[in-house]
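Single-letter residue listing:
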Amino acid sequence: MKIGDRVRFLNQTGGGIVVGFNKKGWATVEDEDGFEIPVPERECVVVEENAAASEKRSIQTKDGDKLDIALAYSKAGAGFVCTLANECNYTILLTYSVTPSKQEGSKGNCITLFAGEILPYERKELFRFGREELNEFSKKVLVRGIPYKRGSGFNKTVEAQLKPAIEKTFVLDPLNLLKDGVYRENDYTPDKSYIISIVNENIKELPLPAADEEDIFKQALKEKFHGEKGMHNEPQGKEKGAGKAFINGKWIEVSKKNRYETEDKALIKTSPTGILEVDLHASALLETTTGMDNTAILKYQLEKFNEAMKAVGRKKGTKIVFIHGKGDGVLRKAILTELKTKYPTCRWQDASFKEYGYGATMVTL
């Protein structure tokens, strides 16, 4: 159930459009007479998704004054569909353009695939295309939008009614759409989709690490791993996962034959001293970040953080090191927030500077 859906009440007559969520487990529903009624979510049945958009209604919620707009690419039969998800109070005047294939006389021109209005909390299909059309356009996409409010809303200032224009350019590799791994559960569509965030004022952008800094850090880890391997014939640690690696959702035994393979593919690796390690650098988790902005990368890194925490279980005393790099500290702060809210019984501290430098946090279960 989302803002904009039409619901019917289970234990009483009536229903209306969901216009907000007051507190945990309660929704605010606006009936046909314009009255807002607080109702437990469990007593609401969705009868029409996104009804507010189909009725051209402009819903205003206090939590929706921050822009949250994303493109969702999903599979549709033998082809694909591109959808724009507008998760805020603002109506968006939007254009979606691509640079055409490099043909004689077409250099510098753009093709506009969509131009129109996106209502608040609307998921609007922009266009569809087949597999045979993947290579008809080049990889550069340009999205422009003007966010504004039709009515007065909660704030009546000009600044609140009209946001600055949005312009987003990104590179979309058509081959990515053929990979099942890019389609994931998300907050914008009910089905698995490949999400490109256009703007999200609820999340601070994560600056990408400098390539030279990341290469230096990875080289230091590699030297550490191989240096310690010469000092220890077998892992000495007793923590859960010693002598094991976590790959594709499963723990596997590490042997001399598969040690180098697991080093490349494992989400969780076991150091020669028995400490569990997770490298959260984007380059270590993803084959390519093409088409992903900083917000999408940060969200994926946190997904892998939580996957690793779930994988190690709750054996008291287990230690796991998350390598996040120094950077501007955005990823580290996001990890600490996850620890405080989801894993309050765990202890955490900066990992050994001698082994990891400034860019790692050790969590003790």
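Note: the structure precedes this text.
Computed from a predicted model, the values in this text were never measured in an experiment.

### Concerning the overall build of the chain
What the chain contains, in helices and strands, is 8 helices and 20 strands. A burial count over the chain gives 49% of its 365 residues as buried. A fraction of 65% describes how many contacts in the chain between residues 6 or more apart in sequence connect residues 24 or more apart. Accessible area for the chain stands at about 20,200 Å²; split by element, carbon and sulfur atoms hold 51% of it.

### Some remarks on the nonpolar core
Considering soluble globular proteins, one finds that nonpolar side chains tend to be buried as a cluster. Judged by nonpolar contacts, the single largest core of 63 residues is most densely connected at Leu 71, Tyr 73, Tyr 96, Leu 126, Ile 268, Met 309 and Ile 320. Once you skip the residues sitting within four places of it in the chain, Tyr 73 turns out to touch Val 81, Cys 82, Tyr 96, Phe 170, Leu 172, Leu 177, Tyr 183, Ser 193, Tyr 194 and Ile 196. Counting residues in hydrophobic clusters, the runner-up holds 7 residues, among them Ile 275, Ala 351, Tyr 356 and Ala 360.

### What about the packing of aromatic side chains?
Counted according to the given criterion, the structure contains 6 aromatic pairs. Summarising the aromatic geometry, the rings of Tyr 73 and Tyr 194 are spaced 6.3 Å apart at their centres and angled 45° between planes, so their arrangement reads as tilted. Remark: Tyr 194 occurs in strand β13 (residues 194-200) and Tyr 73 occurs in strand β6 (residues 68-76); sequence separation between them is 121 residues. Assigned by exposure class, Tyr 73 and Tyr 194 land together as buried.

### Quick look at the sheet that holds strand β17 (residues 276-279)
Reading across from one edge, β16-β17-β18-β20-β19 is the order of the 5 strands in this open sheet, with mixed pairing throughout. At either margin of the open sheet sits one strand with a lone partner, and together these are β16 (269-270) and β19 (347-350). Both strand β18 (residues 319-323) and strand β20 (residues 360-364) contribute to a ladder of 5 bridges, which runs antiparallel. Among the inter-strand pairings, Val 321 is bridged to a residue of β20, identified as Met 362. The strands touched by helix α6 (residues 294-311) within the sheet are β17, β18 and β20, with β18 carrying the most contacts at an inclination of about 170°.

### Focus: the pattern of salt bridges
Applying the stated criterion across every chain, the model contains 10 salt bridges. As a salt-bridge pair, Arg 123 and Glu 49 come within 3.4 Å of each other at their nearest N and O atoms. Of the two residues, Arg 123 sits in strand β10 (residues 123-130) while Glu 49 sits in the loop between β5 (44-48) and α1 (51-54), which places them 74 residues apart along the sequence. Under the relative-accessibility criterion, Arg 123 is labelled partly exposed at 23%. Measuring nitrogen to oxygen at the nearest pair gives 2.8 Å for the salt bridge that ties Glu 125 to Arg 128. You can call Glu 125 partly exposed: its relative accessible area is 40%.

Criteria and thresholds
- Residues numbered from 1 in each chain as written.
- Predicted model: local features only at pLDDT ≥ 70, side-chain atom pairs only at ≥ 80, totals over all residues.
- Heavy atoms only, no water.
- Helix = DSSP H or I, 4+ residues; strand = E, 2+ residues; numbered from the N terminus.
- Buried < 20%, exposed > 50% of the residue type's maximum accessible area, 1.4 Å probe, protein only.
- Contact = heavy atoms within 4.5 Å.
- Areas by Shrake-Rupley, 256 points an atom, 1.4 Å probe, with all protein chains shown as cover.
- Core = buried A, V, L, I, M, F, W, Y, C linked by side-chain atoms within 4.5 Å.
- Phe/Tyr/Trp six-rings, centres within 6.5 Å; stacked < 30°, edge-to-face > 60°.
- Pairing = 2+ DSSP bridges.
- Axes fitted to C-alpha atoms, helices over the stretch in contact; angles between N-to-C directions.
- Salt bridge = Lys/Arg side-chain N within 4 Å of Asp/Glu carboxyl O.

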